[in-house]
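# A look at the structure
So you can see what is in the structure, the chains are spelled out below.
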Amino acid sequence: CPSLSSAISPSPLSPRRREISDIQRTCDDVTRAAAVEIESLRRKLEELQQSSRAEAESLARQLEEEKQRVLLQEAVWKERVETAKVQLVQAEAQWKEVMEREKARAAQAIKEQAQDAGRLAESASELGQRMEKLRTELEE
């Protein structure tokens, strides 16, 4: 459009000059409207970019929060598994101790029963000998 102004003739009232002047004004109006539209589109683009950045940052924060939550949950479960393993080892050790004590008690009880049986057998033998002696004495 600026090249049209150089084509304007010096005569102020010439129809050609008015036509060129009208074209120039139209060109200037279109240029201003285009500049306004370009600026409007630039602002919208900037807003969209800011909005997209904000949304991306928000999503990144949410993702990081979720990641931290999952890591925390994983740590909790690992701790629970380790605790359960320790408890299992302790329970097995206690069970072995109980079994050893029970074996020892059972062995002691069997030993005591055997001693009791031995004493009873000895007493029975002594009684048998006394009865034999008494029978022999009675027979004489």
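So, here is what we can say about the structure in this document.

How each quantity is defined
Residues numbered from 1 in each chain as written. Predicted model: local features only at pLDDT ≥ 70, side-chain atom pairs only at ≥ 80, totals over all residues. Heavy atoms only, no water. Helix = DSSP H or I, 4+ residues; strand = E, 2+ residues; numbered from the N terminus. Rg over C-alpha atoms; globule rule 2.2 N^0.38 Å. Buried < 20%, exposed > 50% of the residue type's maximum accessible area, 1.4 Å probe, protein only. Areas by Shrake-Rupley, 256 points an atom, 1.4 Å probe, with all protein chains shown as cover. Lys, Arg positive; Asp, Glu negative; His and termini not counted. Charge placed at Lys NZ, Arg CZ, Asp CG, Glu CD. Phe/Tyr/Trp six-rings, centres within 6.5 Å; stacked < 30°, edge-to-face > 60°. Lys NZ or Arg CZ within 6 Å of the ring centre and 35° of its normal. Expected span 1.5 Å × (residues − 1). Salt bridge = Lys/Arg side-chain N within 4 Å of Asp/Glu carboxyl O. Polar contact = N/O pair within 3.5 Å; in protein donor to acceptor, adjacent residues only side chain to side chain.

## Structural notes on the overall build of the protein
- The secondary structure content of the protein amounts to two helices and zero strands.
- By the compact-globule yardstick of 14 Å for 140 residues, the protein is too spread out, its C-alpha radius of gyration being 57 Å.
- Buried residues in the protein amount to 3% of all 140 residues.
- Surface accessibility of the protein: about 12400 Å² in total, with carbon and sulfur atoms responsible for 59%.
- The positive charge centre, built from 24 side chains, and the negative charge centre, built from 28, are 10 Å apart in the protein.

## Quick word on the packing of aromatic side chains
- Per the counting criterion, the structure on display carries zero aromatic pairs.
- Here Arg80 stacks its cationic end above the ring of Trp77, 4.8 Å away from the centre of that ring.

## Describing helix H2 (residues 15-139)
- The end-to-end C-alpha distance of H2, which contains 125 residues, comes to 179 Å, matching closely the 186 Å that a straight helix rising 1.5 Å per residue would cover.
- Turning to H2, its buried residues number three or more, namely Ile20, Gln24 and Cys27.

## A word on the pattern of salt bridges
- Going through the model one piece at a time under the given rule, you end up with 14 salt bridges.
- One salt bridge in this structure joins Glu66 and Arg69, with 2.7 Å as the shortest N-O distance. Linking Glu66 with Arg69, this pair stays in helix H2, spanning three residues, or about one helical turn.
- Arg69 gets classed as partly exposed once you look at its relative accessible area, which sits at 46%.
- Across the pair Glu132 and Arg135 runs a salt bridge, and its minimum N-O distance is 3.9 Å. Linking Glu132 with Arg135, this pair stays in helix H2, spanning three residues, or about one helical turn.
- Here Glu132 falls in the partly exposed class, since its relative accessible area comes to 42%.
- Here the salt bridges share partners, and the residues they tie into one network are Glu39, Arg42, Arg43 and Glu46.

## Comments concerning the side chain of Ser14
- Examined against the element boundaries, Ser14 turns out to sit in the loop between helix H1 (2-6) and H2.
- Relative accessible area serves as the criterion here: at 12%, Ser14 is assigned to the buried category.
- A polar contact is formed between the side chain of Ser14 and the backbone nitrogen of Arg17, at a distance of 2.9 Å.

## A closer look at the environment of Glu82
- Topologically, Glu82 is positioned in helix H2.
- Sequence separation of Glu82 and Glu47 is 35 residues, and the distance between their C-alpha atoms is 52 Å.

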